[in-house]
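Listed below are the residues making up each chain.
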Amino acid sequence: MMELIVFVISAAIVLGGALGVILFRNPVHAALSLIASFFGVAVLFVSQEAHFLALVQVVVYGGAIVVLFLFVIMLLGVDREEDITEEPFEGQRVSALVSGVLIFAMLMAGIFLSGRTGDDAGDFGPAAISGSSGQVVPLTEEQDVVQLGHDLFTRNILAFEATGLLLTIATVGAVVLVRNRGAEDLVVDEPGTSSR
Amino acid sequence: MAQYLPLAALLVLAALFAFLSFVGSALLAPRRSTEQKSAPYECGIIPGREPPQRFPVRFYLVAMLFIVFDIEIVFLYPWAMVHGDVGLFGLIAVLIFSAMVFESFVYLISKGALDWGPLQINQRQSEMVDASRTATSTIRKVGLEGRYEHAPAKTAAASASDELDETASAA
Amino acid sequence: MGHPFLRDGVDFGDVILVLVIVVISFVLCLVATMLMVWFERKVVSRLQNRIGPNIAGPFGLFQTLADGIKLFFKEDLIPERADRKVFQLAPYLSLIPAFLMFTLVPIAGDFSNVSESGTAGTSTIAGREFLWQGADIPVGILFFLAMSSLGIYGIMLAGWSSGSKYPLLGSVRASAQAISYEAALGLSIAAVILVSGALSTNEIVQSQSGSLRQLNIVATGFVPFIVFLIAGTAELNRPPFDLVEAEQEIVGGYHTEYSSIRFALFFLAEFMNTVTMGGLIVTLFLGGPAPLFDLPLIDVMPTLGWFAGFLLFFGKLLIFLFIFVWFRATLPRLRYDQLMDLGWKALIPVSLLWLLILGGIRIAQNGDLGIVENTNANVAIVLVASLALGAVGWLLLRAAMDNAREERLEEAGFQLIAVPPQQLDGHADSSTSGASH
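Residues numbered from 1 in each chain as written. Chains lettered and ligands numbered in written order. Predicted model: local features only at pLDDT ≥ 70, side-chain atom pairs only at ≥ 80, totals over all residues.

Asker: I keep staring at the overall build of chain C and nothing clicks. Help me out?
Answerer: A count of helices and strands for chain C gives 16 helices and 2 strands. Burial status across chain C gives 52% buried among its 437 residues. Counting contacts in chain C only where the partners sit at least 6 residues apart, residues at least 24 apart contribute 77% of the total. (Helix = DSSP H or I, 4+ residues; strand = E, 2+ residues; numbered from the N terminus. Buried ≥ 20, exposed ≤ 12 C-beta atoms within 10 Å, placed from the backbone. Contact = placed C-beta atoms within 7 Å.)

Now the structure itself:
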């Protein structure tokens, strides 16, 4: 009962936040509802006893990533309402619609078409999402962070190191993006450039 | 999950406290807003310039760097919890991971992501200091805006020192 | 784990107890904040050879209350250019995380003889066990990081939504500063987790009771403690890191446009965070309510063991609150580039390296390193390896900084030419100091 109440409330926050992200015209308001959405996901994690993941969700997504978004919004000076009658590039709406439908179809396919393939396939992959294996991984006495640690430093060590590589690539990408903007963009509030 | 019950209750209580404070203030405080009061604060002078619309790109790089370190930290916590069980293998894995993160950190620093403020140069360019340069650059630092219709032609040295000041206003 | 009474099922009595605990921590939080404001003003006054508040109540204790009541009667202005919704939301975003963070700190409880009696700081009322803290969640210390990263938004959005120059500058400064120091904070917390082997604040305190060597400040080798103290002060935007509200440069920073009770809530959140940060330092590094050594007081008052814990906690807390105020009275404000340099180029690399060394030493002591038979020899190997690692890291960092400087010089139109020695006469000092910046 308790779990149901928590689920309904946090699902409402998640969906409301997600709707806010696409419906608000002001990018800062959209970023704020993104935080609300992340927070709701964190509550869902908590209700599944994944305490560590819940807080990682808030710290990394709610904290760091949205701060980056807000910086970019402020950096580019687009923090006022956007004119959305004009498409930034041609065919954007159509392609967004198509890819949205495709992603949704993929998700549904993952949920409904997946089956178990191996002995321990139940705790990974699509079957775990849908719960179609009819079996939840039993929670051990260990905290989820300890389980995660064991898993990370034994079976998933390659993924762990790959994350490091990914971060390096992301950093290089950020520098390249910034460098291409040219020196004059480093200057802010230069006398005479602002409109009166 | 029930351990979070006090947190939820306190969240509601704190929000209620803030809300009731606002209600109290709305009931008790006078409301005589004038145009001057609701104008942006400018130490008494009439605002001449729009607030800056854009920020130095360095802030973006700092946020990027923060994400990189945040993710590193998030991975370090499970390791800190289980470091006794995963032993040398885990230590080496974390070392490699940290090396990669440190590498991006060093790369960003070498690209000047963390250089704030004007360049500090103590080197003299020539024996004699050109008086005109000193005067121009001093005035430029204070800001010429609104004083001349056309800024006087910069000397080569002055334009160089302008570029050095590029982040002074931002930082 | 958790409030013990909540392990299975929740009944009516539990709900009542939770409500009582919540109300008490709420009131305690407000009172502690009020006293902290008074304490700060009084101590700063004394350090500056003034008297400080002395009219309202005994020793001016009620000065904060008087100020708070006054602010209710002040006109509440919303600037015309402001983004009204966000402007009104920002104080909540600042205040609520401050309240929630406070619940993490164990403020009392009997932590003597944890291993023998197994009491672990619990007390019993009406047959129900509880802990002397607002909430004990399994990943407690991470909750602190989460809340402090959410608290950034209060400041960031307050400045942005004001629609005026100084608040915007203040808020961008604030958020860049907060994220710069949060990484250092997180890394020094990781060292504590490594040594304590726990994430919940209650267990972290438990792991430190017993002897002085068990205290994390000793067990983690002082460096994380110092990093945490510096980064914590910066995270609080307190002097010498108060660039966020540097009056001489940007008026009041992010809260320039805030007046009346809205301003009061920001102020409240700031001082609440100061108290919480002091409490967290005590919890993480000095064992919170746990005794530093065998304390006769606990034997004298076996039934009031929790109160002895409170006295211990309060005494330790007072030291850090005084240090915060002392910082403010003594240290001049840092420049922005100095602030960023300290955070990124000193604190983060040092705490990362220290964490890896600490991990290596502990693994060597466990005998898991297996390079040589002798444990001490293994520890020695780890130490030598870390020295080498540190040296390589430092050289890399140095090279990166030099490269950045050269690039900027080139962009600015200077060329680095090796000056022949005979031309250097008279300018040797200035040129070398310029190069070694």
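The structure having been displayed, the exposition proceeds.
Asker: Quick question: what am I supposed to make of the overall build of chain B here?
Answerer: Summing up its helical and strand segments, chain B has 4 helices and 0 strands in all. Starting at the N terminus and walking to the C terminus, you meet the elements of chain B as α-α-α-α. Counting every position in chain B, which comprises 171 residues, the buried fraction comes to 41%. Of all intrachain contacts in chain B linking residues separated by at least 6 positions in sequence, the fraction that spans at least 24 positions is 69%.

Asker: For this particular structure, what's the right way to read the interface of chain B and chain C?
Answerer: Each partner contributes residues to the interface: chain B has 70 residues there, and chain C has 88 residues. Only α1 (5-28), α2 (57-110) and α4 (156-164) of chain B provide two or more residues apiece to the side of chain B that touches chain C. At 22 residues, the largest contribution of residues to the side of chain B that touches chain C is made by α2 of chain B. Class assignment for the residues of the side of chain B that touches chain C results in 46 nonpolar, 16 polar and 8 charged. (Nonpolar A, V, L, I, M, F, W, Y, C, P; charged D, E, K, R; others polar.)

Asker: So what exactly am I meant to see when it comes to the environment of Y92 of chain C here?
Answerer: Tracing the sequence through the fold places Y92 of chain C in helix α3 (residues 84-102). Sequence separation between Y92 of chain C and A269 of chain C is 177 residues; the distance between their C-alpha atoms is 9.5 Å. Dropping the residues within four chain positions of it, Y92 of chain C is found in contact with A15 and A18 of chain B.

Asker: Help me understand unusual backbone geometry, please; the structure alone is not making it clear to me.
Answerer: Only a minority of non-glycine residues have a phi that is not negative, and only a minority of peptide bonds are not trans. All names here are of chain C. Residue P240 is bonded to the preceding P239 through a cis peptide linkage, with omega at 0 degrees. Position of P240 among the secondary structure elements: in the loop between α9 (223-235) and α10 (247-250). For N49, which is not glycine, the phi dihedral falls at a positive 65 degrees. As for its placement among the helices and strands, N49 is situated in the loop between α1 (12-47) and α2 (63-72). Overall, the presence of 6 C-beta atoms within 10 Å leaves N49 in the exposed class. Phi at F222 takes a positive value of approximately 60 degrees, unusual for a residue other than glycine. Within the element layout of this structure, F222 appears in the loop between α8 (216-219) and α9.

Asker: Sorry, what's going on with the confidence of the model for chain C here?
Answerer: Low pLDDT means the predicted atomic positions in that stretch should not be read closely. All names here are of chain C. The predicted model of chain C averages 81 in pLDDT, with 86% of residues at 70 or higher. Per-element confidence in chain C is highest for α9, whose mean pLDDT is 92, and lowest for helix α16 (residues 428-435), whose mean pLDDT is 41. Confidence drops under pLDDT 50 across residues 1-7; counting only partners more than four residues distant or on other chains, this segment forms 19 contacts. Across residues 424-437 the pLDDT falls below 50, and counting only partners more than four positions away or on other chains, this stretch makes 14 contacts in the model. Predicted complex metrics record ipTM = 0.82 and pTM = 0.82. (pLDDT = per-residue confidence, 0-100.)

Asker: In this structure, what is going on with the confidence of the model for chain B? I would like to understand it.
Answerer: Residues and elements named next belong to chain B. Mean pLDDT over chain B: 72, with 61% of residues reaching 70 or higher. Mean pLDDT values over the elements of chain B span from 46, in α4, up to 88, in α1. Per-residue pLDDT stays below 50 along residues 150-171; that stretch engages in 40 contacts with residues further than four places along the chain or on separate chains.

Asker: I tried to follow α2 of chain B on my own but got confused; where do I start?
Answerer: Owing to its 3.6 residues per turn, the α-helix aligns residues three or four sequence positions apart on the same side. All names here are of chain B. The terminal C-alpha atoms of α2 lie 15 Å apart, and with 54 residues this falls more than 12% below the ideal 80 Å at 1.5 Å per residue. V86 marks the point of greatest bend in α2, at about 125 degrees. The element α2 is largely enclosed, with a buried count of 42 among its 54 residues. One or two residues past the end of α2 sits G112, with phi positive at roughly 80 degrees. (Expected span 1.5 Å × (residues − 1). Bend = angle between axes of the 7 residues up to and from the residue.)

Asker: Looking at this structure, how should I read the packing of α2 of chain B against helix α6 (residues 165-196) of chain C?
Answerer: The geometry of a pair of packed helices is captured by two quantities: the angle between their axes and the separation between those axes. At a minimum axis separation of 9 Å, α2 of chain B and α6 of chain C run at an interaxial angle of 15 degrees. Taken together, α2 of chain B and α6 of chain C sit at an angle that is classed as roughly parallel. Considering the relative orientation of α2 of chain B and α6 of chain C, their crossing is left-handed. Here F59, V62, A63, F66, F69, D70, I73, L76, Y77, A80, M81 and H83 of chain B of α2 of chain B lie close against α6 of chain C, whose contacting residues are V172, A176, I179, S180, A183, G186, L187, A190, I193 and L194 of chain C. Its residues placed into classes, the contact of α2 of chain B with α6 of chain C shows 18 nonpolar, 3 polar and 1 charged. (Axes fitted to C-alpha atoms, helices over the stretch in contact; angles between N-to-C directions. Parallel < 35°, antiparallel > 145°, perpendicular 65-115°, else oblique. Left-handed = near helix turned anticlockwise from the far one by under 90°.)

Asker: Looking at this structure, I do not really get the environment of G100 of chain A. What am I missing?
Answerer: On the secondary structure map, G100 of chain A appears in helix α4 (residues 92-113). For the pair formed by G100 of chain A and F38 of chain A, sequence separation is 62 residues and the distance between their alpha carbons is 20 Å.

Asker: Is there a simple way to think about helix α2 (residues 27-47) of chain A in this case?
Answerer: All names here are of chain A. Counted at 1.5 Å a residue, the expected span for α2 with its 21 residues is 30 Å, and the 31 Å between its end C-alpha atoms agrees. The element α2 is extensively covered by neighbouring structure, given that 15 of its 21 residues are classed as buried. Positive phi shows up at E49, right after α2, with a value of about 65 degrees.

Asker: Would you mind going over the packing of α1 of chain B against α1 of chain C with me for this structure?
Answerer: Where α1 of chain B contacts α1 of chain C, the axes come no closer than 9 Å and their chain directions differ by 50 degrees. As far as their axial angle goes, α1 of chain C and α1 of chain B are oblique. Helix-helix and strand crossings are classified by hand; for α1 of chain B and α1 of chain C the assignment is right-handed. Of the residues in α1 of chain C, those touching α1 of chain B at L5, P6, A9, L10 and L13 of chain B are V18, L19, I21, V22, S25 and F26 of chain C. Grouping the amino acids of the contact of α1 of chain B with α1 of chain C by side-chain chemistry returns 10 nonpolar, 1 polar and no charged.

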